[in-house]
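Working through the structure, step by step
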Amino acid sequence: MSNVEGFETYEIAVIGAGAAGLAAAIAAGDENNGGLPRSIVLLDGARTIGAKILVSGGGRCNVTHETVTTTDYFGNRRVIKNALASFPVEATVRWFASLGVTLKREPTGKLFPVTDQAHTVLTALLTRCRSLGIVLRPDHRVTAIEPTNEGTFLITHRHGSLLAKRVIVATGGREVVPTEYLYGQDPRVVTQRELERMLAEGQTVPENVVMIQCVGSREPERPYCSRICCTKAVVNALAIQERNPNARVTVLYREMRTYGFREDAYRQAREKGVVFL
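Nothing here was measured: the structure is a model prediction, and the numbers come from that model. (Residues numbered from 1 in each chain as written. Predicted model: local features only at pLDDT ≥ 70, side-chain atom pairs only at ≥ 80, totals over all residues. Heavy atoms only, no water.)

1. Some remarks on the packing of helix α1 (residues 19–30) against helix α5 (residues 118–131)
Rule in force here: The angle between two axes is taken between their N-to-C directions and runs from 0 to 180 degrees, where each axis is a line fitted to C-alpha atoms and a helix contributes only its stretch in contact. A helix here means a DSSP run of H or I that spans at least four residues, while a strand means a run of E at least two residues long, and both kinds are numbered starting from the N terminus. Definitions for this section: a left-handed crossing has its near helix turned counterclockwise from the far helix by less than a right angle. A right-handed crossing has that turn clockwise. Here, residues are in contact when the closest pair of their heavy atoms is within 4.5 Å. Any residue outside Ala, Val, Leu, Ile, Met, Phe, Trp, Tyr, Cys, Pro, Asp, Glu, Lys and Arg is labelled polar, Gly included; the first ten of those are nonpolar and the last four are charged.
Here α1 crosses α5 at 35°, and the two axes come no closer than 10 Å. Crossing geometry of α1 relative to α5 is assigned as left-handed. Residues Leu-22, Ile-26 and Asp-30 of α1 pack against Leu-122, Leu-125, Leu-126, Arg-128 and Cys-129 of α5. Here the contact of α1 with α5 is composed, by residue class, of 6 nonpolar, no polar and 2 charged.

Given below as structure tokens:
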């Protein structure tokens, strides 16, 4: 594509302002650039940045675990091994300390901020972004990325377009929109991501909640396990119980697959009274 004059231009555009996107933007901003600040823009589709961070770990933000291995992640084992070797748990602890977030180890091996507040983590990430001059653009869902003849990328978002010399994509995955169980017909039927957003925004959640697992997956057209749904259900169940200890949460499942140290959250949910059938 040519004729790209008139657009605001950045050296780096990060698409997705979740934990990965925020960390990537900070790492890019901290990288030595001959003493000159980098022009970085962070684009996210949500109106509020960091909603998922605020509900993680039952609102306390389980930053990491004292032991992290390749088996805790799904994907190319060699790539995962190299990533973990370049940024091990010790480096993670030091990095958060440099942001002003001190972590503590709990008996389960999980590492949480000493404040027990997810806001501590989000505030530290956003504060560092702003100190580096990173431009934060919530409510800027990206719809297209096109290479230009000038060696840049034209990024189209909800409110217009901009140019970037380099692009980091940290958008995460897109959930399947179900058609089963009255989803889209009854407002009381929501997905786990929608429930997560409700919890993060402080919306009212019913006292009696039933979660149905494997909807739309492990079926002929999608015969695979996404590896995240069980963990998400357990985390949301714990968040509901944290908010209302009298709530009744029932999880209907084929088999619970909370991989790696996420098994601790499953045990905790059972101890809190979450029913698994």
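So much for the structure itself; the text now carries on.
2. What to know about the sheet that holds strand β12 (residues 275–276)
To keep things clear, this is the line we draw: At least two bridges found by DSSP between two strands are what make those strands a pair.
Spatially, 3 strands are ordered β10-β11-β12 in an open sheet, and the strand pairing comes out parallel. The open sheet has two edge strands, β10 (208–212) and β12, and neither has a second partner. Relative to strand β11 (residues 248–252), β10 is paired through 5 bridges, and the arrangement is parallel. Along β11, the bridge assignment pairs Val-209 with Val-249. Contacting β10, β11 and β12, helix α7 (residues 229–243) crosses the sheet at an angle of about 175° to β10.

3. A look at the sheet that holds strand β3 (residues 64–65)
Read from one edge to the other, the open sheet built from 3 strands follows the order β3-β5-β4, with strand pairing classed as antiparallel. In this open sheet, the two strands that pair with only one neighbour each are β3 and β4 (103–105). Pairing analysis gives 2 bridges linking β3 to strand β5 (residues 110–113), with the strands arranged antiparallel. Bridge pairing in β5 links His-65 to Lys-110.

4. Focus on the side chain of Glu-106
The criterion, for reference: Relative accessibility thresholds used throughout: buried, under 20% of the residue-type maximum; exposed, over 50%; partly exposed, between the two (1.4 Å probe, protein chains only). Any pair of nitrogen or oxygen atoms within 3.5 Å is treated as a polar contact; in protein, a donor-acceptor pairing is required on top of that, and neighbouring residues in sequence qualify only through side-chain atoms on both sides.
Secondary-structure assignment places Glu-106 in the loop between β4 and β5. Given the relative accessible area of 17%, Glu-106 is considered buried. Within the structure, Glu-106 has its side chain in polar contact with the side chain of Arg-60 (distance 2.7 Å). Apart from the residues lying within four places of it in its own chain, the contact partners of Glu-106 are Arg-60, Phe-112 and Asp-116.

5. Digging into the nonpolar core
Going by this rule: Definition of nonpolar core: a set of buried residues of the types Ala, Val, Leu, Ile, Met, Phe, Trp, Tyr and Cys, connected through side-chain atoms within 4.5 Å.
In terms of nonpolar packing, the biggest core is built from 30 residues, with Leu-22 and Leu-125 touching the most fellow members. Of all the secondary-structure elements, those providing two or more residues to this core are β1 (9–15), α1, β2 (40–43), α2 (51–55), α4 (89–98) and α5. Residue contacts for Leu-125: discarding those within four places in its chain leaves Leu-22, Ile-26, Ile-53, Trp-95 and Leu-99. Judged by nonpolar contacts, the second largest core, of 23 residues, contains Val-234, Ala-237, Ala-239 and Ala-265.

6. Points about a positive patch on the surface
Where we set the bar: Residues qualify for a patch when their relative accessible area is over 30% and they have no salt bridge, like charges being joined within 9 Å and the nonpolar side chains of Val, Leu, Ile, Met, Phe, Trp and Tyr within 5 Å. Computed by Shrake-Rupley with a 1.4 Å probe, the accessible areas treat only the displayed protein chains as cover when residues are assessed. In the sections that follow, a salt bridge refers to a side-chain nitrogen of Lys or Arg positioned within 4 Å of a carboxyl oxygen of Asp or Glu. When charges are counted, Lys and Arg contribute as positive and Asp and Glu as negative, whereas His and the chain ends are disregarded. All charge positions are set by atom: Lys at NZ, Arg at CZ, Asp at CG, Glu at CD.
Taken together, Lys-52, Arg-141, Arg-174, Arg-193 and Arg-197 make up a surface patch of like positive charges. Tracing the backbone shows Arg-197 in helix α6 (residues 192–200). The class for Arg-197 is partly exposed, based on a relative accessible area of 41%.

7. Comments concerning unusual backbone geometry
If you check the backbone angles, Asp-116 has positive phi at about 60° while not being a glycine. If you trace the backbone, Asp-116 turns up in the loop between β5 and α5. Using a relative accessible area of 24% as the deciding quantity, one classes Asp-116 as partly exposed. With phi around 55°, Tyr-181 is a residue other than glycine that occupies positive phi space. Relative to the helices and strands, Tyr-181 resides in the loop between β9 (160–169) and α6.

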